Amino acid sequence: MQSFTTSARRKPVCNVSTLQHYLSLPQTPMELSAMCRMDAAKLQGSVVHQLVREMAIRTSRCYQTFAEPVILKTLDKPHAERLRWVKSFVLREFNYCVALHRSMERSRPDGGLAHSTNVSLVRDEFKGPPASISRLRNTDDDSFIFESAFPPPDGEPHVLGNGKSVNAALPGPSAPAKVAEGGFRSHGRPMGNELTREEVEAVLDTWNGDNATIPLTTALKLLQPQQSLLDVMVNEAAVRSDELNRWFLRFCRRRVAWRVIHEHLLHLTLPGESPRVICHDTDIEAILQQAGNAVVDIFSNLVENGSVHSLELHVEEDARILAGVPAGTLISSSTSLRSCPFDARDKQQVEPVPSTEIYSIEGHLLYIFREVLKNACTATLRLQPVITVFVKYAMDDKWVVLDFIDHAGGIQPQHFKNIWKFGWTTSEHYESHLGGFGVGLPTSKVYTDMCGGSIDLYRTGRQSTTVRVRFPKAPVETLVPDSMLPPVSR
């Protein structure tokens, strides 16, 4: 039996001039329709170089976010061990993306790009040994091995091996996340395109002094995170403060975006193994059906034990919802003074272009629909065992609009200011499959904000709640302004 060990004290190093360089490069907003037109069968080296460059640019912003004053104060506190670990993890990602980009710069492949294309990684460019970026499979039982999702006490090493997956038992969001859900994965779950033992051994065997030459596809696989940073960070109690929530939403927007770019590039280079992340033929009814089936499965046990008598989800297309807003008191996720207005300046009011097709990150839509339906069912269950939720949807040449309506008595006014915050919940089903972690709505807000959409609530007295989800048919990413990043300190 073979064991792999890395020291908990070995930390990645930030090269200040390198960080400044990538922070100085402008971000290019994701345009989903253009990304859909990238053809895996005719993949050009220039396209791969562009995407890898964007990954390095985006990860520089993710890391520099940790220099904001609010997070610096938090990182100094004894209870912030998880956040300190996440900062180190994000720095590893930045350093590795820099090494990958510089490798592409040296080779500058022109024309078509073969899936067997190699890249040369220089160890000094990502400031760490190969074991610090490798994800290993145990040689005996092929179980999944990786660095612990939660840092060990100071001075204790990470031990990878001994026939067991090193995986912290952290409480976290209820439903396993898919690849497309922005890189916030459930930890310890192989996703179908993980490194094989032979690939890992090939990576480790190719290290000769300070560099290695490995296939580009393998290099991209090595960058896939297997820890759920959402699990790690939301469990940080301080994230529930208003100020830290603002920081957390900005960090999530940045990280989700670069993870989408990375997963899209993985699909282009490994179309047979990596799922398509961005789709051009989104079927709203099919995604609603999938989300509804997931919610029915969640509540099935409660039906069996008699807690739920029936659960019905009614879905219909209704063009009338395009003509106005739902009745009731608006509880906006971004613009209402009763809610969280802090990121209103992030909203770049750009009218979307018309489109005959719906371009989307389907994993994001599935997550949003599932969470909103689950919340509606959970709220209704507090009042009665007969659950009925109505969904109306419509679209024009630019927008898709959905209204999710329940008759669970509405949200209490004292909760208006908190419902979009990570770590806040009114659920009585804490640590159960019904949720209660304060993750679903704020994560849905991250996904809709990123694509130039919105998610808002409307409360009608003590009768009902309508959740309106609205997003462009051809989304262009809304960037978090760089003006919110602090300067790099030497």
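The protein chain carries the name Protein-serine/threonine kinase in an unreviewed UniProt entry, which gives Leptomonas pyrrhocoris as its organism.

This part covers the overall build of the protein chain. Scanning the protein chain from terminus to terminus reveals 13 helices and 14 strands. The 490 residues of the protein chain split such that 57% are buried. By sequence separation, contacts in the protein chain at least 24 residues apart represent 78% of the contacts at least 6 residues apart. In the form shown here, the protein chain has an accessible surface area of approximately 20,300 Å², with 50% of it arising from carbon and sulfur atoms.

Let's shift gears to the packing of aromatic side chains. Taken as a whole, this structure holds nine aromatic pairs when the rule is applied. Counting every residue linked through ring pairs, the aromatic cluster contains F66, W247, F248, F251 and F422. Over the aromatic face of W258 sits the side chain of R259, whose NZ or CZ is 5.4 Å from the ring centroid. One Lys or Arg, R470, reaches over the ring of W399 and ends 3.6 Å from the middle of that ring.

Our next topic: the environment of M484. Take M484: it is sitting in the segment after β14 (464–472). In this structure the C-alpha to C-alpha distance between M484 and T65, which are 419 residues apart in sequence, comes to 8.6 Å.

What follows deals with the sheet that holds strand β12 (residues 399–406). Spatially, the six strands line up as an open sheet ordered β8-β11-β12-β14-β13-β9, and their pairing is mixed. In this open sheet, the two edge strands, each paired with only one partner strand, are β8 (310–317) and β9 (329–332). Here the average twist between neighbouring strands, direction ignored, is 20°. When strand β13 (residues 454–460) meets β14, the two strands line up antiparallel, connected through seven bridges. Paired with T460 across the two strands is S464, which belongs to β14. Sheet contacts for helix α11 (residues 284–304): β8, β11 (386–395), β12 and β14; angle to β11, the most-contacted strand, approximately 165°. Packing against the sheet, helix α13 (residues 440–450) makes contact with β13 and β14, and its axis sits at approximately 135° to β13.

Position of T378 among the secondary structure elements: in helix α12 (residues 362–381). Engagement of the side chain of T378 in a polar contact is seen with the backbone oxygen of K374, the distance being 2.8 Å.

So, about the nonpolar core. In terms of nonpolar packing, the biggest core is built from 112 residues, with F369, F404 and F471 touching the most fellow members. Considering every element that reaches this core, the biggest residue donor is helix α10 (residues 242–269), with 14 residues. Here this core spans two domains, and each of domain 1 (16–135 + 195–275) and domain 2 (284–472) adds at least three residues to it. Not counting the four nearest positions on each side in its chain, F369 is found in contact with I287, L288, A291, L402, F404 and F471.

On to the confidence of the model for the protein chain. The predicted model of the protein chain averages 76 in pLDDT, with 69% of residues at 70 or higher. Taken as a whole, residues 1–9 scores under 50 in pLDDT and shows 25 contacts with residues more than four places along the chain or in a different chain.

Another point: the pattern of salt bridges. The tally for this structure, following the rule as stated, stands at 15 salt bridges. We note a salt bridge from K421 to D242, for which the minimum N-O separation is 2.2 Å. In this pair, K421 sits in the loop between β12 and α13 while D242 sits in helix α10, placing the two residues 179 residues apart along the sequence. A relative accessible area of 38% places D242 in the partly exposed class. Linked through salt bridges whose partners overlap, the residues forming this network are E54, R58 and E477.

The next subject is the environment of L441. Counting through the fold element by element, L441 comes out in helix α13. Dropping the residues within four chain positions of it, L441 is found in contact with N375, I419, W420 and I455.

Our focus in this paragraph is the packing of helix α3 (residues 45–64) against α10. α10 packs onto α3 with a crossing angle of 160° between their chain directions and a minimal axis gap of 9 Å. Here α3 lies roughly antiparallel to α10, going by the angle between them. Where α3 crosses over α10, the two elements pack in a sense that is left-handed. Together, V48, L51, V52, E54, M55, R58, T59, R61 and C62 of α3 and F251, R254, R255, A257, W258, I261, H262, H264, L265 and L268 of α10 make up the contact between the two elements. Broken down by class, the residue content of the contact of α3 with α10 amounts to 11 nonpolar, three polar and five charged.

Basis of the calculations
- Residues numbered from 1 in each chain as written.
- Predicted model: local features only at pLDDT ≥ 70, side-chain atom pairs only at ≥ 80, totals over all residues.
- Heavy atoms only, no water.
- Helix = DSSP H or I, 4+ residues; strand = E, 2+ residues; numbered from the N terminus.
- Buried < 20%, exposed > 50% of the residue type's maximum accessible area, 1.4 Å probe, protein only.
- Contact = heavy atoms within 4.5 Å.
- Areas by Shrake-Rupley, 256 points an atom, 1.4 Å probe, with all protein chains shown as cover.
- Phe/Tyr/Trp six-rings, centres within 6.5 Å; stacked < 30°, edge-to-face > 60°.
- Lys NZ or Arg CZ within 6 Å of the ring centre and 35° of its normal.
- Pairing = 2+ DSSP bridges.
- Axes fitted to C-alpha atoms, helices over the stretch in contact; angles between N-to-C directions.
- Polar contact = N/O pair within 3.5 Å; in protein donor to acceptor, adjacent residues only side chain to side chain.
- Core = buried A, V, L, I, M, F, W, Y, C linked by side-chain atoms within 4.5 Å.
- Domains from an automatic or database assignment.
- pLDDT = per-residue confidence, 0-100.
- Salt bridge = Lys/Arg side-chain N within 4 Å of Asp/Glu carboxyl O.
- Parallel < 35°, antiparallel > 145°, perpendicular 65-115°, else oblique.
- Left-handed = near helix turned anticlockwise from the far one by under 90°.
- Nonpolar A, V, L, I, M, F, W, Y, C, P; charged D, E, K, R; others polar.

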